[in-house]
Amino acid sequence: MNRRIAPISRRSALRLGGVLVALTLVAAACGSGDDGQEVDGDEPAPTTEAAAPETEVAMIQDIGDLLATVQERGTLNCGVSGSAVAFSETQPDGSTTGFDADYCRAVAAAILGDADAVNFVPLTAAERFTAVETGDIDLLVRNTTWTQSRDTDLVLDFGPTTYYDGQQVMARVSSGFSASSTVADLDGATICTNAGTTTEKNIADAVDAAGIEITLSTFEDFDIVTDNFIQGACDAVTTDGSALVGRKVKQEGDQDWVIFPATPISKEPLGPVYPQNQSTFGDVVNWAVYATIIADEKGITSENIDSMLSGGNLDAEAIRMLGGEGELQTKMGLTADAFYNVIVQVGNYDEIYTRNLGPVGLSREGSANARWTAGGLIYAPPAR
Ligand SMILES: N[C@@H](CCC(=O)N[C@@H](CS)C(=O)NCC(=O)O)C(=O)O
């Protein structure tokens, strides 16, 4: 068993250490050693996403049928952040809440009939892909962007995008920044982010395109990044826009933080990730997500699903998807009511979105995360 995943208690301890300790430990914990790296047009972007060594590839091939493994185990091992506001947060009582956490639950409901049959594994960005490749986790739902190199160089596959995000920057109004600031306004700034992310690469590209110079500091996780920003070691922080909004909302009383540029500097389609060539498991993850989207399209919620079923006012597609006549779930190795369990126990896409992202002010309306019938990109193939 690969032991590169630090226990959460150790990572939590690191977070308490303050700026200087954080700076010292990042190099050891992440192995990146690229704090305070000068970035300009001639510098390559820092790289922390290594392809799996051959031994790890061999380990993943030994997993066998992952769907059967999870069914036999009776629990889904699901990798999350644990500190991504509104997406996956480890609560003081040990439970995990958030949009990503609910998608772990949706998959557990589909496979095991029990949304609570999830073992949440908190992971840093730099740890997450190795954990999939070695089989330490079955599924990764951790603010993870689908990119060509991750899809093709790493031993993993991507499921449907559950949240369309984009990278932005957050800085202080008192430092002269505003909502209409641009990347060019960051010339000479120290910008901080977490290691092992698309974020550090995108900012290097954007800096190059803008013809400016910055100092890029990377840290193990975004808690440490935020601490450094608060204490003044970073002029700005950068990551997915949703995460910046979450951090800003949590920073009660400090209204000095502003997010820009208005148009994000990158596309960050976030969604579930699973081991490569695990087709039956991948199908189940994909269709559990699609079930939440189709239920949203049809107005089927965790609250009204039973009355809609008994009232006989569902169309043929909904009946099939919820386990009635013509159901397709048993052909996927699931029970007929697998997606009924997803909706009744976890909810449809809009319920999952509104419950978790509504409180931090991330609205679906007018965004790429709106329903396709409302001009957004949230769309599922037919359940036929
Ligand atoms: N979407 C990007 C960034 C992912 C990322 O690490 N995001 C930060 C901001 S949400 C994060 O997860 N922070 C929480 C943590 O570090 O635990 C990627 O896939 O590389």
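One can find the structure itself at the top, above this paragraph.
Fair warning: this is a prediction, and the values are worked out from it, not measured in the lab.

A. Summary view of the overall build of the chain. Scanning the chain from terminus to terminus reveals 15 helices and 16 strands. The burial tally for the chain puts 49% of its 384 residues in the buried class. For the chain, the share of sequence-separated contacts (at least 6 apart) that also reach a separation of at least 24 residues comes to 76%.

B. Inspection of the pairing of strand E13 (residues 236-240) at higher detail. Of all 5 residues in E13, 5 are buried; the element is thus mostly enclosed. Pairing of strand E10 (residues 167-172) with E13, which is carried by 5 bridges, proceeds in the antiparallel orientation. When the sheet's bridge partners are listed, Gln 167 is paired in E13 with Asp 240. Of the pairings in the sheet, the one linking strand E11 (residues 190-194) to E13 comprises 2 bridges and is parallel in character. From the neighbouring strand, Cys 192 faces E13, where its bridge partner is Val 237.

C. Quick peek at the site of the ligand. Around the ligand sit 19 residues in total, of which Ala 125, Thr 197, Asp 221, Phe 222 and Ala 243 are the nearest. Elements that contribute at least two residues to the shell around the ligand include exactly strand E3 (83-84), helix H8 (198-210), E13 and strand E15 (268-270). Tallied by class, the residues present in the shell around the ligand amount to 5 nonpolar, 11 polar and 3 charged.

D. Structural view of the nonpolar core. Core analysis: the biggest nonpolar cluster contains 102 residues, and Cys 104, Val 107 and Ala 110 have the highest contact counts within it. Each of domain 1 (34-49 + 165-269) and domain 2 (283-374) gives at least three residues to this core. When residues no more than four places from it in sequence are discounted, the contact partners of Cys 104 are Leu 76, Cys 78, Val 80, Val 118, Phe 120, Leu 139 and Val 141.

E. A look at the packing of helix H11 (residues 279-297) against helix H15 (residues 349-357). Contact pair H11 / H15: the axes reach a minimum separation of 6 Å and the direction vectors enclose 95 degrees. In terms of orientation, H11 and H15 fall into the roughly perpendicular class. Together, Thr 292, Ile 293 and Asp 296 of H11 and Tyr 349, Asp 350 and Ile 352 of H15 make up the contact between the two elements. Its residues assigned to classes, the contact of H11 with H15 comprises 3 nonpolar, 1 polar and 2 charged.

F. Expanded view of unusual backbone geometry. Here the amide bond leading from Phe 260 into Pro 261 is cis, since omega sits at -15 degrees, within 30 degrees of zero. Looking at the secondary structure, you find Pro 261 in the loop between strand E14 (257-260) and E15. In this structure, Asn 143 takes a positive phi of about 40 degrees despite not being glycine. With respect to the helices and strands, Asn 143 occurs in the loop between strand E7 (139-140) and helix H7 (148-153). Notably, Asn 277 is not glycine yet its phi reads approximately 65 degrees, a positive angle.

G. Focus on the sheet that holds strand E5 (residues 96-97). Strands sit in the order E3-E4-E5 across an open sheet of 3 strands; the sheet is antiparallel. The sheet terminates laterally at E3 and E5, the two strands that pair on one side only. Across 2 bridges, E3 lies against strand E4 (residues 88-90) in antiparallel orientation. Across the sheet, Ser 83 pairs through a bridge with Glu 89, a residue of E4.

H. Focus on the environment of Gly 211. Checked against the element boundaries, Gly 211 lands in the loop between H8 and strand E12 (214-219). For Gly 211, a count of 11 C-beta atoms within 10 Å translates into the label exposed. Each C-alpha atom, one on Gly 211 and one on Ala 184, is 7.6 Å from the other, the two residues being 27 residues apart in sequence.

I. Local environment of H15. Every buried residue of H15 is listed here: Tyr 349, Asp 350, Ile 352, Tyr 353, Asn 356 and Leu 357. Down the axis of H15, the buried set is contained in an arc of 165 degrees. They therefore lie on one face. Taken together, the buried residues of H15 touch helix H5 (99-112) and H11.

J. Just the environment of Ala 380, in detail. On the secondary structure map, Ala 380 appears in the segment after H15. For the pair Ala 380 and Asn 286, spaced 94 residues apart in the sequence, the C-alpha separation amounts to 9.6 Å. Every residue in contact with Ala 380, bar those within four places of it in the chain, is listed here: Tyr 290, Ile 293 and Ile 294.

K. Local environment of the pairing of E11. Counting buried residues in E11 gives 4 out of 5 residues, a clear majority hidden from the surface. As paired strands, E11 and E12 are joined by 5 bridges and run parallel to one another. Bridge pairing in E12 links Asn 194 to Phe 219. The parallel pair E11 and E12, bridged by H8, forms a crossover whose chirality is right-handed.

Calculation criteria
Residues numbered from 1 in each chain as written. Predicted model: local features only at pLDDT ≥ 70, side-chain atom pairs only at ≥ 80, totals over all residues. Helix = DSSP H or I, 4+ residues; strand = E, 2+ residues; numbered from the N terminus. Buried ≥ 20, exposed ≤ 12 C-beta atoms within 10 Å, placed from the backbone. Contact = placed C-beta atoms within 7 Å. Pairing = 2+ DSSP bridges. Near = placed C-beta within 6 Å. Nonpolar A, V, L, I, M, F, W, Y, C, P; charged D, E, K, R; others polar. Core = buried A, V, L, I, M, F, W, Y, C linked by C-beta atoms within 7 Å. Domains from an automatic or database assignment. Axes fitted to C-alpha atoms, helices over the stretch in contact; angles between N-to-C directions. Parallel < 35°, antiparallel > 145°, perpendicular 65-115°, else oblique. Arc of directions from axis to C-beta. Right-handed = clockwise from strand over helix to strand, strands pointing away.

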